[in-house]
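Descriptive structure summary
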Amino acid sequence: MWYNNILETIGNTPLVKLNKITKDLKGTILAKIETSNPGNSIKDRMALKMIEDAEQAGLLKPGGTIIEGTSGNTGMGLAMAAVVKGYKCIFTTTDKQSKEKVDALRAFGAEVIVCPTNVDPEDPRSYYSVSSRLEREVPNSWKANQYDNPSNAQAHYEQTGPEIWEQTEGKITHLVVGVGTGGTISGTARYLREQNPNIKVWGIDTYGSVFKKYKETGVFDKDEIYPYITEGVGEDFLPQNVDFSLIDFFEKVTDKDAALMTRELARKEGIFAGNSAGAALAGLIQLKDSLNDDDVVVVIFHDHGSRYMGKMYNEDWLRERGFLEDEKLNAKSILKKRGEQAIVTADVNQTVFEAFNFMKTLNISQIPVTQQGMVVGKITESDILSALLENSSLRSSSVQEVMTKPFPFVDLNTSIDKISALINKETQAVLVEDDFGKINIITQYDIINAISEA
């Protein structure tokens, strides 16, 4: 048996029991692995449904252009279907999204316009607004509008819900889903509730999103909105696809907990899933006291880990945000091993000769240059030698005449690997500001010392 095209392989994704991460939870915890869809995400389902419904309604015509504001996964589903069906695609996305997602969309021939995250949806620069403007301006175009298009939720009512019901033999007691557009949770929950009205539906939200407070108070609070890192979960407006009447409860999960749980899924369950899977599972663990031994919980794992290689699966990215603190040496531990050591600097107005004598007395080969307490450059033995060979009179000139660009700054969580990569022939040290705001210098010698003591 074969399929006539790649779109026929969408759906019928496996349900897999989680074991190690959930060992302390009551009940049976099952993950719906949507990464086995051809576009590696659950959004393939609704992307195809939206296109087919638009074709039937005469909204999407042959040779047309599909326009959408997307965080990447819906765009992937739309782009894949567009290739098979002969449409063009223009997508708008935010600068919060991983580079891998944008690159994947472009791999399918889509045009991608990256817009700022930290603006209101109504702002003309937002990815919502830019996609709406393109729909007005591009001839023979159709905007999918996944947030408000009822075909989104309908896809999950027709496919995801029935699959889960059949795979659990009707034993499902809880559905746990990260909520973004709302299509997955609303469509799936609607079908499951028709089979068993007692099924609990838990939505996972993130800090910086409006869903939880709106569900609990009916108030849309703009003060709840602020930038966050978690992808695919939460919103700063209310999509029409979020049916709050079907969702019993929202649980908020921090960016850190979502990112670390995403990583744990690969390490403990062998499941390479995306950020929203980590958020959903972290949220479920926070709610573990609400579970009983005979519960059957289904958690949706929306997309694939390959889209987060530069983020949740990158240790330096995690450390830079303070999400990961492990035994691996970083700037903070290097300074701790070295002990207190006052930084020596030269002022821009000192002469080259004075700076050289200073360095000679202290037996150091490089020194940061400051101006009114701010680091503005550096001077090294080789800088001085090069300058004097070119013009010996420069010895009485100010340091400013011969200094070069400053040593790079790193933060306390920067790994030893990254610091080592920054140190080379041109850059013999890095600077780091400690917890008290004091600037410290880390040299190659400090790194070697820290490694040898580890």
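So, here's what we can say about the structure.

How each quantity is defined
Residues numbered from 1 in each chain as written. Predicted model: local features only at pLDDT ≥ 70, side-chain atom pairs only at ≥ 80, totals over all residues. Heavy atoms only, no water. Pairing = 2+ DSSP bridges. Helix = DSSP H or I, 4+ residues; strand = E, 2+ residues; numbered from the N terminus. Expected span 1.5 Å × (residues − 1). Buried < 20%, exposed > 50% of the residue type's maximum accessible area, 1.4 Å probe, protein only. Contact = heavy atoms within 4.5 Å. Axes fitted to C-alpha atoms, helices over the stretch in contact; angles between N-to-C directions. Parallel < 35°, antiparallel > 145°, perpendicular 65-115°, else oblique. Left-handed = near helix turned anticlockwise from the far one by under 90°. 1 Å grid on protein atoms, 1.4 Å probe; cavity = no way out; pocket = protein on both sides within 12 Å on 5 of 7 lines; lining within 4 Å. Points joined across faces, edges and corners; volume = space filled by probe spheres on them. Nonpolar A, V, L, I, M, F, W, Y, C, P; charged D, E, K, R; others polar.

Some details on the sheet that holds strand β11 (residues 346-347)
- Overall, mixed pairing links the 3 strands, which are arranged β11-β12-β13 in an open sheet. The open sheet has two edge strands with one neighbour each: β11 and β13 (374-380).

Describing helix α9 (residues 275-286)
- Taking 1.5 Å per residue, 12 residues should reach 16 Å; α9 reaches 17 Å between its end C-alpha atoms and fits that length.
- A large share of α9 lies buried, amounting to 10 of its 12 residues.
- Taken together, the buried positions of α9 are Asn-275, Ser-276, Ala-277, Gly-278, Ala-279, Ala-280, Leu-281, Ala-282, Gly-283 and Leu-284.
- Those residues of α9 hidden inside the fold are in contact with β2 (28-33), β7 (174-178), β8 (200-206), β9 (249-253), α8 (255-269) and β10 (296-301).

Examining the packing of helix α1 (residues 43-56) against helix α2 (residues 73-85)
- Between α1 and α2, whose axes approach to 8 Å, the crossing angle comes to 50°. Classified by the interaxial angle, the pair formed by α1 and α2 is oblique. As for how α1 packs across α2, the hand of that crossing is right-handed. From α1, Lys-43, Asp-44, Met-46, Ala-47, Leu-48, Met-50, Ile-51, Glu-52 and Glu-55 reach across to α2, where they touch Asn-73, Thr-74, Gly-77, Leu-78, Met-80, Ala-81 and Lys-85.

A word on the layout of surface pockets
- Of the pockets and cavities examined, the largest pocket occupies roughly 670 Å³.
- Around the largest pocket, the lining comprises 42 residues; the ones closest to its centre are Lys-96, Tyr-128, Tyr-228, Gly-234 and Glu-235.
- Mapped by element, the contributors of at least two residues to the lining of the largest pocket are α2, α4 (127-137) and α6 (183-195).
- Taken together, the residues of the lining of the largest pocket break down into 13 nonpolar, 20 polar and 9 charged.

Fair warning: the whole summary comes from geometry, so function is off the table for now.
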